[in-house]
Amino acid sequence: MTVKSGRWAALFLAVPLGLYFTFVVGPSLYSFYYGFTDWNFLTGEANFTGLDNFRRLFADADFWSAFQNTIIWTALGLVISVFGGFWLAMALSRLLILERFVKSLFFLPMALSLVVVGFIWTWIYRLDFGFANIVLRMLGYEDLATAWLADRNWALFAVIFAWSWQQVALSMIVFLAGLTSVPKELMEAATIDGARFRHQLNQVIIPSLRPATGVVISLALINSLKSFDIVWVMTGGGPFQQSETLAVLIYRQAFRSYEFGYSSTIAVALFVITLVIIGGSILANRRGAE
Amino acid sequence: MAVYLKKRVAKDFRRQVKSWMLTLAMLGLAAIFLIPAWGVLFTSLRTDADIAFNGVWAPSGNVTVDNYLSLIFDVRVHSYMRNSFLVTIPATIISVAMGTLAGYVIAKLRVRGGNLLLLVIVSGLFIPPQILLIPLFQLFNFMGLYNTLWPMIIVHSAYGLSLCTLVMRNFFDKVPDELLEAALMDGASHPRILWSVALPLSRPALGALATLQFTFIWNDFLYPLIFTRSEEAQTIMVGILSLGGQYSTAFGAQAALSVIASLPTLLVFFIFQKQFIKGLTAGAVKG
Amino acid sequence: MSMVAKKRARTLILAGVGLSAVMILGACASGSTETASSHVVAEHYFSGDLGAQAFAEIWPLCEQQTGITMDNPTIDHEAFKDAILVQLAGGNAPDLFSYWAGARTQSLIDNGQLDPIDDMWSAAGLDAAIPASIADSAATYGGSKYLLPFVYHYAGMFFNPAVLEEAGITEIPTDWDGLMSMAETLKAQGITPFALGSTDRWPAQFWFDYLILRTAGPEYRAALMSGEASYDDPEVVAALELWKEAIDAGYFNTSPNGSGWTDAADQVARGEAAMTLMGTWITGYWDGNGLVAGTDYDFFPFPQINSDVALASVGPVDGWVMPSGAKNQAGAKQVLECLASPEAQKVMALLQGAIAANSNTDLSSQNAVMQKAAKQVADSEAFVFNYDLATPPAVAEVGLNMFVEFIDNPSDIAGILSSTATKAAAAF
């Protein structure tokens, strides 16, 4: 492109970057700065405390517990999204009759707000009238029926499962998009004629889905690392912080314990962790492609 | 000859049966997959007293549309829905438009430091929104915009830039340079090239992106919660929360409002389904 | 570009411009500034239908009395806790807002966020109207009045008379042994004695509050709330031991942490459980579900445990405070006077199942159970706030988590208490 393009580039970028720097970068840096202070956000004073907050972070059991929960969430979320989404997409792409209708049924969770998803699943997990427990009792597993969201061991997994319900729909859509590059006749043949074609299919399909997989992984990672809304609505991080993720901890430290400075410190830590994990996954993907 | 035809018919028949079986199986799976959604629907059709007495899943036979009726005529709900539209539509348009501009620059206008710029923009996705609340509140308050719709529009536009830029840049990467260079040589200016050549090609990607953004912005509840306080400015997701009182519950009403609140996004998804899948292929998924 | 496309583009642009114009107008309308003394913004957490109904009556009343137009932003009370802090920190406070009396108000005062209302208090003659116990504990902080008590609640053991009757229980227990044997009788007949729905944590606090109050007394509890006593003191251990006794004997519903307070209330209403320790707002809830006071529900006070100890009553006080940053303090004070009046308080009390702070309020139309509760409070030797309003918010977080953890596994009292003591000390 010619030299003139520089001027146009500047013009095009003016508004987007202006908005972005004023309302995202600026406030982020401002908050990150407070990670080095002891601001309690109701009073005016914020004393610079250097690395004290970070030292506190490393010794904080709540932080490590939330960190562990976040990692579990990320790992589990990743596995369920990729495999669940892939399987669903494969099944749906073979449909020949009523495909559009059936596909849109599976899209539905994606259209729902996390507030709504949280409400719905809270009702499913209830001890007395929760659907999950009704089914367990019907199947004869009485003693497994419990108040899932109040169980210290299972609360986190219950929330992850609810979140995955929505995330799987998203992954499925991405995989479906990737699968549109596979000729329809091949898919039809696999439906009808079985094993031999299926084997051939896998030779073709798996490689062509590499970019889609990359997108699914990135989306799953980002959404799981930042998960706040659904946890807050379902358990508030409880029971007694057992289902607390880093994002929930950040919110709680700021708004319940009034420690905005320390809360920002945790946010910095989360930002770094996210960068590392996503950076790692991009590198791995690129290396795999070579 | 007859034998051949018979075999042919038999094969076609088998094919039909198998196709139907697959569809039916997937419909069954969908029914199970959507059980949570049925739950909300049932709950929305019962009164709160009934739910309290019989529980959420017990079919008590008393179906009522009272929850829906009272919500449809509730002025507050009108306000919430109107605000949600007034925030979501502009914010979607702005974020997609700006993402297109930025994506185009990075992909096609080959500026120096383009990749660094991309990294800076995309890293916005990694920032947990909770820590932006207080600084943004102070900023908007200073600008006199607290308790209006502007903060939500602005923040969603700015925050959405990250994803939109990424997707549009990926898409524009795949548009062959020759197409654009041909237009350049014909004497077209860059804006004209973007508008007349690149954009029409990117319709599917734009459609997919707009759908995602619409859903994301419509469903948000954190920003409206913090940046508004009166009913005139709140959006529908916050409205669902407000239906419950301090010492009362309103499961039936909340379920009904959840259903109503989900209709716009469901509609958008259904209408743009084809575009959406095509757009994802074009924009994000290949290469 | 084709003609059709051009036309389409033009329409889009016009639509965009039109939309922006509408938005700007809308923004101007909702962001309008209040003109000097004729408009007051009073933000509160009385959300839901009950709240809407109540204030649909109260605000017109006040507008009539004072000539001031009211704006009343309402936020769900859980979200309110966070939202109001952001507003105060961000410098855009309403003129008035509802708040919980006790340690939360104290922490706002400590951070310089509230202004005293002594002048309004004397002008309205509230020393005569509001009982001294309420005025001292709820309204006065450091010698000055900061909060106007609006309505308050009392926490008692609300039970289902039909259930007790069927179980053959004729006497209300007056001490701990009596309560335990009553529970044993109920349990033997397959009824859950105590229903507790502690998924939101706070319902559990009443058990802790009354156990400590009845065993160690109000003075010790005050010390514990202010940080002078420690959570691993023998008094606290003793209280938890009693609680553990009841839990181990199976007198509580399975997994209290898995249900909300309304679920517990529903269990009592359905007859599956006999009683639940809850505040008087439960009557508002039950009334809304069609239950009848006296027949379908009644209450008795938490029994005495240690006869040397004064019998205190527990309950939250909802009040109104005025932030230092309020734009219209003069108008706010006028509205406060209206909110202090018997007429305004009557509306709220009747709808919510609460007791009005202004003793001149005509609550004769309230049901018998509520009147009994009001008398109970009037007769008690002390009135204290429930746990999460009696101790600073950061400490309350620690305590509330401790209750839930204890309920989940009551066996390791010593361990739980020692870690609570450390965390609480840090939070103070």
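Residues numbered from 1 in each chain as written. Chains lettered and ligands numbered in written order. Predicted model: local features only at pLDDT ≥ 70, side-chain atom pairs only at ≥ 80, totals over all residues.

Where do I start with the interface of chain A and chain B in this structure?
One frequently used descriptor of interface size is the decrease in accessible area upon assembly of the parts. Across the contact, 79 residues belong to chain A and 72 residues belong to chain B. Broken down by element, the side of chain A that touches chain B gets its largest block of residues, 16 residues, from helix α1 (residues 5-34) of chain A. Tallied by class, the residues present in the side of chain A that touches chain B amount to 60 nonpolar, 13 polar and six charged. (Contact = placed C-beta atoms within 7 Å. Helix = DSSP H or I, 4+ residues; strand = E, 2+ residues; numbered from the N terminus. Nonpolar A, V, L, I, M, F, W, Y, C, P; charged D, E, K, R; others polar.)

Just to check I follow, could you spell out the pairing of strand β3 (residues 96-100) of chain C for this structure?
When a strand is regular, its side chains alternate between the sheet's two faces. Residue and element names in this part refer to chain C. With five of five residues buried, β3 lies mostly within the body of the structure. Here β3 shows a buried face lined by Leu96, Ser98 and Trp100 and a second buried face lined by Phe97 and Tyr99. Summarising the sheet, strand β1 (residues 39-43) and β3 pair through two bridges and their orientation is parallel. Following the sheet pairing, Glu43 is matched in β3 by Phe97. Both β3 and strand β12 (residues 317-321) contribute to a ladder of four bridges, which runs antiparallel. Across the sheet, residue Tyr99 finds its bridge partner in β12, namely Gly319. (Buried ≥ 20, exposed ≤ 12 C-beta atoms within 10 Å, placed from the backbone. Pairing = 2+ DSSP bridges.)

How should helix α4 (residues 103-110) of chain C be read in this particular structure?
Each α-helix winds once per 3.6 residues, and so residues spaced three or four apart point in a common direction. Inspection of α4(C) places Ala103(C), Arg104(C), Thr105(C), Gln106(C) and Leu108(C) among the buried residues, and these make up the whole buried set. Gly112(C) lies just past α4(C) and shows a positive phi near 70°.

Can you walk me through the interface of chain C and chain A in this structure?
Contacts between the two partners involve 20 residues from chain C and, on the opposite side, 18 residues from chain A. Residue assignment for the side of chain C that touches chain A shows that the elements contributing at least two residues are α3 (77-90) and α19 (393-408) of chain C. If one sorts the elements of the side of chain C that touches chain A by residue count, α19(C) sits on top with seven residues. For the side of chain C that touches chain A, a count of residues per class yields six nonpolar, nine polar and five charged.

Whenever I open this one, unusual backbone geometry confuses me. Can you help?
With glycine set apart, most residues show a phi of negative sign, and most peptide bonds adopt trans. Positive phi values are uncommon outside glycine, yet Asn147(B) reaches one of about 65°. Turning to its location among the elements, Asn147(B) is positioned in the loop between α7 (133-142) and α8 (150-174). With a phi close to 50°, Ser255(C) is a non-glycine residue in the positive phi region. As for its placement among the helices and strands, Ser255(C) is situated in the loop between α12 (234-248) and α13 (261-270).

What is the right way to read the domain arrangement of chain C from this model?
Residues and elements named next belong to chain C. What the domain assignment reports for chain C is domain 1 (39-152 + 316-372) and domain 2 (155-314 + 392-427). Counting residues at the interface gives 14 residues for domain 1, matched by 13 residues for domain 2. Counting residues per element, the ones that place at least two in the side of domain 1 that touches domain 2 are α4, α16 (342-352) and α17 (368-379). Across the side of domain 1 that touches domain 2, the residue classes break down as nine nonpolar, four polar and one charged. (Domains from an automatic or database assignment.)

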